[in-house]
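Here's the letter readout for the chains.
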Amino acid sequence: MAIATQMEEIGFKTLASLPKPLRDAGIRAANKVRVAQMHRLESPLNMTLYVTNYCNAKCDHCFYWEELNTGKPELSLEDMKRIAKTMKHPLRTLMLTGGEPYLRKDLADIIIAFHQINGTRRVTTPTNGMLTDRTLEMTKRILKECPDLHFHVQVSLDGPEEMHDKFRRIPTCYKKASETLKQLLELRKTTKQLEVSVMTTICTANYDLLPEFVKEIKSKFPGTMHKFNILRGAHIGTYRVPKDVVSHLDGEVGKTESVSQEKLQELYDRLLLKEVETHRDKTWQNFQKMKWKYSIQMLATEKRIVTCTAGNTFAVVYPNGGVAVCEPTRPYANLNEFDMNFYALWKSQDADNMRQKTKACDCIHPCNLLDSMGYDAETLIQIADMKG
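If you're wondering where the values come from, they're calculated on a predicted model, not measured in any experiment.

## Some thoughts on the overall build of the protein chain
Tallying secondary structure elements over the protein chain gives 15 helices and eleven strands in all. A globule of 388 residues ought to have a C-alpha radius of gyration of about 21 Å, and the protein chain, at 20 Å, matches this closely. In the protein chain, which comprises 388 residues, the share counted as buried stands at 59%. Expressed as a percentage of contacts within the protein chain between residues at least 6 apart in sequence, the contacts between residues at least 24 apart total 79%.

## Description of the side chain of R355
Here R355 lies in helix α13 (residues 349–357). Relative accessible area serves as the criterion here: at 16%, R355 is assigned to the buried category. Residue contacts for R355: discarding those within four places in its chain leaves G311 and W346.

## Details of helix α10 (residues 282–301)
With 20 residues, α10 should cover 28 Å at 1.5 Å per step; its first-to-last C-alpha distance of 28 Å lies within 8% of that length. Most of α10 sits out of view: 14 of its 20 residues are buried. Note on α10: the residue one or two positions beyond its end, E302, has a positive phi of about 60 degrees.

## Regarding the pattern of salt bridges
In the structure shown here, the tally under the stated rule is 22 salt bridges. When the shortest N-O distance is used, the salt bridge between R270 and E266 registers 3.4 Å. Note that R270 and E266 are positioned in helix α9 (residues 261–272) at a spacing of four residues, about one turn of the helix. You can call E266 partly exposed: its relative accessible area is 41%. One continuous salt-bridge network, built from bridges that share partners, spans K20, R23, D24 and D385.

## What about the side chain of H61?
Inspection of the secondary structure assignment puts H61 in the loop between β1 (46–50) and α3 (77–85). Take H61: its relative accessible area is 12%, and that puts it in the buried class. When sequence neighbours within four positions are dropped, the list of residues in contact with H61 reads D158, F167, R168, T201, L231 and T256.

## Focus on the nonpolar core
The biggest cluster of nonpolar side chains holds 109 residues, and the ones touching the most others in it are L49, F114, I202 and F342. The dominant element in this core, judged by the number of residues it contributes, is helix α7 (residues 173–188), at seven residues. When residues no more than four places from it in sequence are discounted, the contact partners of I202 are Y207, L210, F228, N229, I230, L231, V259, L264, L267, L272 and W292.

## Points about the packing of aromatic side chains
One pass over the structure, following the stated rule, counts five aromatic pairs. Pairing Y50 with Y64 gives two aromatic rings, centres 4.8 Å apart and planes at 40 degrees, and the pair type is tilted. A residue pair is termed long-range when its members are at least 10 positions apart, and Y50 in strand β1 and Y64 in the loop between β1 and α3 qualify at 14 residues. Both residues of the pair, Y50 and Y64, belong to the buried class. Both rings, one in Y64 and one in Y318, keep their centres 6.4 Å apart while their planes meet at 10 degrees; by these two values the pair is stacked. Placement of Y64 in the loop between β1 and α3 and of Y318 in the loop between β8 (314–317) and β9 (322–324) is noted, with a sequence separation of 254 residues between them. Residue classification places Y64 among the buried positions, given a relative accessible area of 4%. Feature note: the residues Y50, Y64 and Y318 constitute an aromatic cluster, connected by ring pairs. Over the ring of Y343 we find K88, and its NZ or CZ is 4.6 Å from the ring centre.

Scoring rules and cut-offs
- Residues numbered from 1 in each chain as written.
- Predicted model: local features only at pLDDT ≥ 70, side-chain atom pairs only at ≥ 80, totals over all residues.
- Heavy atoms only, no water.
- Helix = DSSP H or I, 4+ residues; strand = E, 2+ residues; numbered from the N terminus.
- Rg over C-alpha atoms; globule rule 2.2 N^0.38 Å.
- Buried < 20%, exposed > 50% of the residue type's maximum accessible area, 1.4 Å probe, protein only.
- Contact = heavy atoms within 4.5 Å.
- Expected span 1.5 Å × (residues − 1).
- Salt bridge = Lys/Arg side-chain N within 4 Å of Asp/Glu carboxyl O.
- Core = buried A, V, L, I, M, F, W, Y, C linked by side-chain atoms within 4.5 Å.
- Phe/Tyr/Trp six-rings, centres within 6.5 Å; stacked < 30°, edge-to-face > 60°.
- Lys NZ or Arg CZ within 6 Å of the ring centre and 35° of its normal.

If you want it as structure tokens, here you go:
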């Protein structure tokens, strides 16, 4: 997400191969142009779209738990098409989440619509993996009808079978997720369009199990990427968010807790830095490493490292049409009030007011942090310096 277009990736890698003085000057000059372009955007380049409030699991770490299975109205497929049509720029990355995205029977239609109408380049769907047949059927259809789309499925596994099932409160969750992962990895052998990864959320419930669990994933699912998130919530790793705009999305009290900054540093040094492949591309792998370094540093100091780009490059859309600049902040407007015209909402006074209110806050939210890193020249220089 950080270096989002193919041309930008090629440009960065070309600059990174130059002698350091010339390279650093080139990176700073190119980034100055990119930042200026960012401030002229008429719609975001990245979107997290909550396609449903329904979920078939009851995860202890879920920050969205209060919204699940409430029966509230959700945007229709036609609403989604209208949103895609009224955006002024193709989305570089679309994250479809929930709830459990694959509970939505028209999920493939939504993805195909964004690709064909908006020109969306990359789509990621996190999943608990319990709907194996539907996930495989939809994935095959998406790949067939969108031959130039990069499609990424993240299957959540938070620890060994006993721990994972207890954590998700579903007795067969691990086995079903493992079968989904296995079949997706087989499908990946037939196409470069598809990427498959395991996503693990680090918390007190699984911290001590992670070293052996990483070995388990490598053994059972060779070749898969293994990604890690720090426990999320509006009040975890977020700083200087004005009280009147902070989101209510937080994990249920008493279910599980975040791991200390010291333990995260230890885990990073002895495991994540050395034993885990978070991306197949070396540059992207280094972005992931730097993201972890920054996250731990921010947890320790509560100080900003990079300027957040969320209000310019990023948007969150909830199932009821509410729109926020990021997940740690509340929705500031609703697409139903704008006839699903995303451009009109994005350029509204409410949107401008929220950008002003949130321009000084920062957080360790991985999507926003990675994107912000991609517009920070000193970060790009540090990544160009990284050898492994």
